[in-house]
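Inside the fold
So you can see what is in the structure, the chains are spelled out below.
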Amino acid sequence: GQFDVVISKAGATESVVATRGPGTSFGELALMYDSPRAASVVAKAEGVVWAVSRDTFRRILMRITDETRREITVGP
């Protein structure tokens, strides 16, 4: 599907700051830093969205970081 990333500031109208489509992601900064979301995501058309918990997201990042570190240290 297609999704608009929308922000609204106090007293102002909403602004579309990005559009996301298949194979893209959003919300990762809020997951990484345990912070409130900075924008809303609105579906422009029917689509499929996968959700992941903060703990799962952090475990995935730690695994990727560890694998990358091992590749750099050991080499190909």
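Thresholds applied
- Residues numbered from 1 in each chain as written.
- Predicted model: local features only at pLDDT ≥ 70, side-chain atom pairs only at ≥ 80, totals over all residues.
- Heavy atoms only, no water.
- Buried < 20%, exposed > 50% of the residue type's maximum accessible area, 1.4 Å probe, protein only.
- Helix = DSSP H or I, 4+ residues; strand = E, 2+ residues; numbered from the N terminus.
- Pairing = 2+ DSSP bridges.
- 1 Å grid on protein atoms, 1.4 Å probe; cavity = no way out; pocket = protein on both sides within 12 Å on 5 of 7 lines; lining within 4 Å.
- Points joined across faces, edges and corners; volume = space filled by probe spheres on them.
- Nonpolar A, V, L, I, M, F, W, Y, C, P; charged D, E, K, R; others polar.

1. Details of the pairing of strand S1 (residues 3–7)
Within S1, four of the five residues are buried, leaving the element largely enclosed by the surrounding structure. Across five bridges, S1 lies against strand S2 (residues 15–20) in antiparallel orientation. Residue pairing in the sheet places Val6 in a bridge with Val16 of S2.

2. A few points about the layout of surface pockets
Reported here for the largest pocket is a volume of approximately 460 Å³. Those elements that place two or more of their residues in the lining of the largest pocket are helix H1 (28–33) and helix H2 (54–74). A breakdown of the residues in the lining of the largest pocket according to their chemical character gives 11 nonpolar, six polar and two charged. As a volume, the second largest pocket reaches approximately 340 Å³. With three residues, the top contributor of residues to the lining of the second largest pocket is H1.

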